[in-house]
Amino acid sequence: MTRVQLTDAEWDFIGPYLPIGEYGPYPERLRQQFEGVIWRFRTGGQWREMPQEFGAWSTVHNRFRQWRDASVFEALLEGLIAEAAKRGEADLSLVSVDSTTARAHHDAAGMHLGEDVLGALEKAAAEAEKARSKGAAAKYTAGRTSPDPEREERRRIRRRRRVRLKAAGLGRSRGGQTSKVHLAADRKCRPLAFVLTAGQAADSPQFIPVLGKLRVRGPVGRPRTRPDAVAGDKAYSSRGNRAHLRRRGIKAVIPKKRDQAANRKKKGSRGGRPVSHDAALYKERSTVERLINKLKAWRGIATRYIVIARSRWDTRTRSYVERRVTEGKTRREAIRCLKRYVAREIYQALLTSIKQPPAPVPAG
């Protein structure tokens, strides 16, 4: 018998966050299916190797996809934080920020993108690459009469490869293909916000986005989004991050880099005042390190095995869905088909078009 992870009190809290259909009977074995998702990420095992106590592996996997597309896990995290704030256990006197990488297994590669989506992403990447070109690049290509076809084809292949990796949230680093999790934690090792990026993404540019996702709902009033102090290592020591914290009235507990301090001294009086640093408070930044160690205990998080594909909206699926919608099937069957094959964002847009059918074209 597989060990059960959830207690009755924990399930009573999680149950209301799981979406239930408006019609039909209550889903059977919903708790066992949620336990199956926990087993999958706790052990890192394959879906097909799931024990029979949790039900059919395909049913558990479909439940996980539905909960993922409905943002159930994000809402559950916000609910847990709100419950801690209601009990007075949420401590925002110090928030620590850090990141960790997750090595991608070869099963996580191979995300499929439709030709229309891939073409749009490739076009956007080409425009961004052209906008980044400075005078040196223009001077380098000034003497050319016509572009080299082979060179342009190689650049297009590299650009398409980068676009595929970016869409899948993967990046190349020394350890191979990896993903990176940027997170914030309070003084009790509780996670407050997550941001997922490719593995080669730097820490400092994600400092403001992580703090932007910080929301602690209390019993009354608006959610609290501003902690008293924010701690981070030297990777977050930048002028933009310190200015952002200064504008919001947040104390920065970030040590100064050695080269930055040397440059300030070299400028003399024009370098400004030295940055203050609370060394005693900085020692409590270990809370986010301990949180990362707890997350790494879940093997499905420490190593990435799944392809994060929010949509399977390729050309074949598009034609199948359009045929099901236009063949005169019922609206319920059309919506069921859309829910199965389309991501939440595309589903909402297509559902609007089903609710408002196009007006008939006048004859003549």
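For clarity, every value in this text was computed on a predicted model and none was experimentally measured.

Draft legend 1. Spotlight on the overall build of the protein chain. Each helix and strand counted, the protein chain has 16 helices and 7 strands in total. Expressed as a percentage of the 364 residues in the protein chain, the buried residues total 35%. In the protein chain, 64% of the contacts between residues at least 6 apart in sequence involve partners at least 24 apart. Summed over its atoms, the accessible surface of the protein chain is roughly 23,100 Å², and 52% of this surface lies on carbon and sulfur atoms.

Draft legend 2. Highlighting the packing of aromatic side chains. For the structure shown, the criterion picks out 8 aromatic pairs. Measuring from centroid to centroid gives 6.2 Å for tryptophan 11 and phenylalanine 34, while their planes differ by 55°, and the two rings are tilted. Taken together, the residues span a long stretch of sequence, with tryptophan 11 in helix 1 (residues 8-14) and phenylalanine 34 in helix 2 (residues 30-43) at a distance of 23 residues. Residue tryptophan 11 is classed as buried on the basis of its relative accessible area, which comes to 13%. Look at phenylalanine 34 and you get buried, because its relative accessible area is 6%.

Draft legend 3. Structural view of the side chain of serine 204. One can find serine 204 in the loop between strand 4 (191-198) and helix 8 (207-212). Side chain to side chain, serine 204 and asparagine 241 meet in a polar contact 3.0 Å long. Beyond its immediate sequence surroundings of up to four residues, serine 204 is in contact with Ala235, Tyr236, Ser238 and Asn241.

Draft legend 4. Representation of unusual backbone geometry within the structure. Despite not being glycine, serine 71 shows a phi value in the positive range, around 60°. Looking at the element boundaries, serine 71 is found in the loop between helix 3 (57-69) and helix 4 (72-86). If you check the backbone angles, cysteine 189 has positive phi at about 60° while not being a glycine. Along the polypeptide, cysteine 189 turns up in the loop between strand 3 (176-185) and strand 4. By relative accessible area, cysteine 189 is classed as buried at 10%.

Draft legend 5. Representation of the pairing of strand 1 (residues 95-104) in the model. Among the 10 residues of strand 1, 8 are classified as buried, and the element is accordingly described as predominantly covered. Examined bridge by bridge, strand 1 and strand 3 share 8 bridges and lie antiparallel to one another. Bridge pairing links alanine 102 to serine 179 in strand 3. As paired elements, strand 1 and strand 7 (residues 303-304) share 2 bridges and run parallel to each other.

Draft legend 6. A look at the environment of arginine 215. Residue placement: arginine 215 occurs in the loop between helix 8 and strand 5 (229-231). Its relative accessible area of 44% is what places arginine 215 among the partly exposed residues. C-alpha of arginine 215 to C-alpha of glutamate 78: the two residues are 137 residues apart in sequence and 7.8 Å apart in space. Ignoring anything within four residues of it in the chain, the contact list for arginine 215 reads Ile81, Pro223, Arg224 and Thr225.

Draft legend 7. Representation of the side chain of threonine 178 within the structure. In this fold, threonine 178 is placed in strand 3. Excluding anything up to four places from it in sequence, threonine 178 contacts Ala102, Arg103, Ala104, Gly169, Leu170, Gly171, Ser173, Ala198 and Gly199.

Draft legend 8. Representation of helix 9 (residues 239-247) in the model. All of the buried residues along helix 9 are Asn241, Arg242, His244 and Leu245. The buried side chains of helix 9 occupy one side of the element, clustering within an arc of 155° when seen end-on. For helix 9, the exposed residues lying more than 90 degrees away from the buried face are Arg239, Arg246 and Arg247. Two residues or fewer past helix 9, glycine 249 is found with a positive phi of approximately 70°.

Reading guide: rules and limits
- Residues numbered from 1 in each chain as written.
- Predicted model: local features only at pLDDT ≥ 70, side-chain atom pairs only at ≥ 80, totals over all residues.
- Heavy atoms only, no water.
- Helix = DSSP H or I, 4+ residues; strand = E, 2+ residues; numbered from the N terminus.
- Buried < 20%, exposed > 50% of the residue type's maximum accessible area, 1.4 Å probe, protein only.
- Contact = heavy atoms within 4.5 Å.
- Areas by Shrake-Rupley, 256 points an atom, 1.4 Å probe, with all protein chains shown as cover.
- Phe/Tyr/Trp six-rings, centres within 6.5 Å; stacked < 30°, edge-to-face > 60°.
- Polar contact = N/O pair within 3.5 Å; in protein donor to acceptor, adjacent residues only side chain to side chain.
- Pairing = 2+ DSSP bridges.
- Arc of directions from axis to C-beta.

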